[in-house]
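Here is how the chains run, residue by residue.
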Amino acid sequence: PKTGLLKDASMGSFAKAWSQLGNIAAARLAAPATSNSSRGILQASVENKTGLSRMLDSTLREGHDMKTFGLGTAASLASVERYARFTAAMYHVYTAMESSLDAAKSPAVAPFWSSFGGDLRRSDALALDLADVAASSSSHPPTPATRDYMRAIEAAGAKDEEDGGGRLIGHAYCRYFADLMGGQFLAAPTRYALSPAVGEGTPRHYDFGAFGAERKASVERLYASFNEAGDALASEAARRAVVEEVLLAYRHNVAVYTEEGAVWSGALRGAANLAGGVARAKLQMPRAAAPSEAAA
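On a predicted model such as this, the values are computed, not experimentally measured, just so you know.

1. Examining the packing of aromatic side chains
On inspection of all chains with the given rule, the structure shows twelve aromatic pairs. Relative to W113, the ring of F112 has its centre 6.2 Å away and its plane inclined at 45°; by these criteria the two rings are tilted. The interplanar angle of 40° and the centroid separation of 5.5 Å between the aromatic rings of F112 and F226 together place this pair among those described as tilted. In this pair, F112 sits in helix α8 (residues 110-120) while F226 sits in helix α14 (residues 215-232), placing the two residues 114 residues apart along the sequence. The burial state of F112 is the same as that of F226; both residues are buried. Through a chain of ring-to-ring contacts, the aromatic side chains of Y94, F112, W113, F116, Y173, Y176, F177, F211, Y223 and F226 assemble into a single cluster. Its end group placed over the ring of F208, R122 keeps NZ or CZ at 3.8 Å from the ring centre.

Shown next, in the form of structure tokens:
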């Protein structure tokens, strides 16, 4: 039928465009395990083979929906306005998480955040990224899905304060590891897709500075800290509660990434924007001198 042919053609176009954007996090996890690739870092790590870190990494198989996260990220590149809404959602989520981590007194959480809060904190950078596109958190209040996610984070922090648990570690693992393992590599595609509104040096929230530049060592330090948090927890049930919180965080992320709808068509537009941006960048590159010109 004609509708089916159109759908097949659309899917073919999407696949072609998507290959240029790539689900960068997935590609790196599936790539040959070079020492500095995400997959290589996960495989070579010593700390993630035991303790709470091993339990946390098991969630990548149990509940991490890479397809949805990839499509949602691509859809956020469909327009500057959609990017602003997505960035605002992330701002609200990170603000809730970092406020809860700042207030944490649990012996499983406070030492982790004391050691890594300065390197991991993203909310300030997200606020600046919003300002780049003439937006602000006040002009984009939390959507229902974002609000539900924020409440889940705040509830995790409250429970940790009651019983000395480590549920906030689960939320930190979900978001910051995604940023370190894949998000860092989304900055250039975002600039290509949304230039000139998103220019050089942005988005800032993907830039971890020296901590990100030394990704392999930084990730190993994080795993070691997670294991120390696990050791500080009173029981296996308390450690399992952290894992359950990671799975809950994944579900909330899926809700946020898909809330706006039109994910497939938005992802196609985002991929087309990226392809166009790459083409424009190539046209603007200085033309290499021909041999005759060089000789002259």
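2. Examining the nonpolar core
Buried together is how nonpolar side chains tend to be arranged in soluble globular proteins. F112, L120, I169, L222 and F226 are the most contacted members of the largest nonpolar core, which totals 62 residues. Here the element with the most residues in this core is helix α7 (residues 80-103); it accounts for eleven residues. With sequence-adjacent residues up to four places away left out, F112 is seen in contact with G117, L120, I169, A172, L222, S225 and F226.

3. A look at the packing of α7 against helix α11 (residues 167-181)
Think of two packed helices as two axes; the pair is described by the angle between the axes and how far apart they sit. Where α7 meets α11, the closest approach of the two axes is 11 Å, and the angle between their N-to-C directions is 135°. Here α7 lies oblique to α11, going by the angle between them. Here the hand of the crossing between α7 and α11 comes out left-handed. Of α11, the residues touching α7 (which contributes M90, Y94, M97, E98, S100 and L101) are L168, H171, A172, R175, Y176 and D179.

4. Observations concerning the pattern of salt bridges
One pass over the full model with this rule turns up eleven salt bridges. Across the pair D132 and R204 runs a salt bridge, and its minimum N-O distance is 2.5 Å. With D132 in helix α9 (residues 123-132) and R204 in the loop between α12 (187-194) and α13 (209-213), this residue pair connects regions lying 72 residues apart in the sequence. For D132, a relative accessible area of 32% translates into the label partly exposed. Salt bridges here are not isolated pairs; linked through shared partners, they connect R82, R85 and E260.

5. Observations concerning the environment of E260
Along the polypeptide, E260 turns up in the loop between α15 (236-258) and α16 (263-284). The spacing of E260 and A75 is 185 residues in sequence and 9.6 Å in space, taken between C-alpha atoms. Excluding residues that lie within four positions of it along the chain, E260 makes contacts with R82 and R85.

Reading the values: the criteria
Residues numbered from 1 in each chain as written. Predicted model: local features only at pLDDT ≥ 70, side-chain atom pairs only at ≥ 80, totals over all residues. Heavy atoms only, no water. Phe/Tyr/Trp six-rings, centres within 6.5 Å; stacked < 30°, edge-to-face > 60°. Helix = DSSP H or I, 4+ residues; strand = E, 2+ residues; numbered from the N terminus. Buried < 20%, exposed > 50% of the residue type's maximum accessible area, 1.4 Å probe, protein only. Lys NZ or Arg CZ within 6 Å of the ring centre and 35° of its normal. Core = buried A, V, L, I, M, F, W, Y, C linked by side-chain atoms within 4.5 Å. Contact = heavy atoms within 4.5 Å. Axes fitted to C-alpha atoms, helices over the stretch in contact; angles between N-to-C directions. Parallel < 35°, antiparallel > 145°, perpendicular 65-115°, else oblique. Left-handed = near helix turned anticlockwise from the far one by under 90°. Salt bridge = Lys/Arg side-chain N within 4 Å of Asp/Glu carboxyl O.

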